[in-house]
Amino acid sequence: MTARPTLALVAHDAKKDRMVEFAVKNRAKLDAFSLVATGTTGGRIQEACPELDIVRLKSGPLGGDQQIGAMIAEGRLQGLIFFVDPLSPMPHDVDVKALMRLALVYDMPMALNLSTAEILLRSARLTGLKSTSATPEIGGPAQ
Ligand SMILES: O=C(CO)COP(=O)(O)O
């Protein structure tokens, strides 16, 4: 049996309703993944879609973004959907940037808004998300 690819779901507060709508609409597709989420985002999705099995990490400002970043660096994540709020200052802005940076370093499929998330999910269904080998792109740091 092949292991299901792992997908991380994260949304800033102003985008949580949108994430819940996205999850409800795509619940059957999401069920094909092993799901992880930052704490509050995961709680909201779980409430709306109780059948989904979601591993909830810490809340973003308390280290959840960094936990997901560590999963990327260790090759334990295959995709990231992160609904970012571009209009509000964040106390943990450095963590948000660090997460996105690692996704870039490791060439992780990453959707930062609703329209790209829809595309990512469709393409993941068709082709399967690529497995990361925790090898950075050329020009990335040595392991
Ligand atoms: O802050 C976040 C991402 O930067 C999300 O964290 P929560 O899902 O706990 O709100």
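Here the structure is a predicted model, which means the values were calculated and not measured.

Moving on: the overall build of the protein chain. In terms of helices and strands, the protein chain carries six helices and five strands. Reading the protein chain from its N terminus to its C terminus gives the helix and strand order β-α-α-β-α-β-α-β-α-β-α. The 143 residues of the protein chain split such that 48% are buried. Look at the contacts in the protein chain between residues 6 or more apart in sequence, and 69% of them connect residues 24 or more apart. Roughly 7,700 Å² of accessible area belongs to the protein chain as shown, and the carbon and sulfur atoms make up 55% of that amount.

Nonpolar side chains in soluble globular proteins tend to end up buried together. Residues Leu7, Leu9, Met19, Leu30, Leu35 and Ile81 are the most contacted members of the largest nonpolar core, which totals 20 residues. Listed by contribution, the elements that provide at least two residues to this core are strand 1 (6-11), helix 1 (16-25), strand 2 (34-37), strand 4 (79-83) and helix 6 (114-127). Among residues more than four places away in sequence, those in contact with isoleucine 81 are Leu7, Ala8, Leu9, Val10, Met19, Phe22, Ala111, Ala117 and Leu120. In terms of nonpolar packing, the next biggest core, distinct from the first, is built from 19 residues, Val36, Leu57, Val96 and Val105 among them.

On to the confidence of the model for the protein chain, then. Scored by pLDDT, the protein chain has a mean of 91; 87% of the residues are at 70 or more. We note a pTM of 0.91 for the whole complex and an ipTM of 0.98 for its interfaces.

Mapped onto this numbering, the UniProt entry gives "active site" (unreviewed entry) at Asp65. Residues in contact with aspartate 65, not counting those within four places in the same chain, are Val10, Thr38, Gly60, Phe82, His92, Asp95, Val96 and Leu99.

Packing of helix 1 against helix 3 (residues 39-48) brings their axes to within 9 Å, and their N-to-C directions diverge by 45°. Between helix 1 and helix 3, the angle falls in the class oblique. The handedness of the crossing between helix 1 and helix 3 comes out as right-handed. Along its contact with helix 1, which presents Lys16, Asp17, Met19, Val20, Ala23 and Val24, the element helix 3 presents Thr40, Thr41, Arg44, Ile45 and Ala48. A per-class count over the contact of helix 1 with helix 3 returns six nonpolar, two polar and three charged.

The rules behind each value
- Residue indices follow the written sequence of each chain, beginning from 1 at its first position.
- Whole-chain, interface and lining totals are the exception, using all residues; otherwise, since this is a predicted model, local features are given only for residues with pLDDT of at least 70 and side-chain atom pairs are given and counted only at 80 or more.
- Just so you know, side-chain values use all the structure's heavy atoms and leave hydrogens and water out.
- Comment: elements are numbered from the N terminus, with helices defined as DSSP H or I runs of at least four residues and strands as E runs of at least two.
- Relative accessibility decides the category of a residue: with a 1.4 Å probe and only protein chains considered, values under 20% of the type maximum give buried, values over 50% give exposed, and everything between is partly exposed.
- Contacts: residue pairs with any heavy atoms within 4.5 Å of one another.
- Surface exposure here means Shrake-Rupley accessible area, sampled with a 1.4 Å probe, where a residue is shielded only by the protein chains that are shown.
- Among buried residues, the Ala, Val, Leu, Ile, Met, Phe, Trp, Tyr and Cys ones that are joined through side-chain atoms within 4.5 Å form a nonpolar core.
- Every residue carries a pLDDT, the predictor's confidence in it, which falls somewhere between 0 and 100.
- UniProt positions are given in the numbering used here, feature names are shortened, and annotations may be inferred rather than shown by experiment.
- For helices, the fitted axis covers only the stretch in contact; all axes are lines through C-alpha atoms, and the angles between them, taken along N-to-C directions, range from 0 to 180 degrees.
- Our angle categories are set so that under 35 degrees counts as roughly parallel, over 145 as roughly antiparallel, 65 to 115 as roughly perpendicular, and the remainder as oblique.
- By definition, any crossing whose near helix is turned counterclockwise from its far helix by less than a right angle is left-handed, and any crossing with a clockwise turn is right-handed.
- Throughout this entry, Asp, Glu, Lys and Arg are counted as charged residues, while Ala, Val, Leu, Ile, Met, Phe, Trp, Tyr, Cys and Pro are counted as nonpolar. The remaining residues, Gly among them, count as polar.

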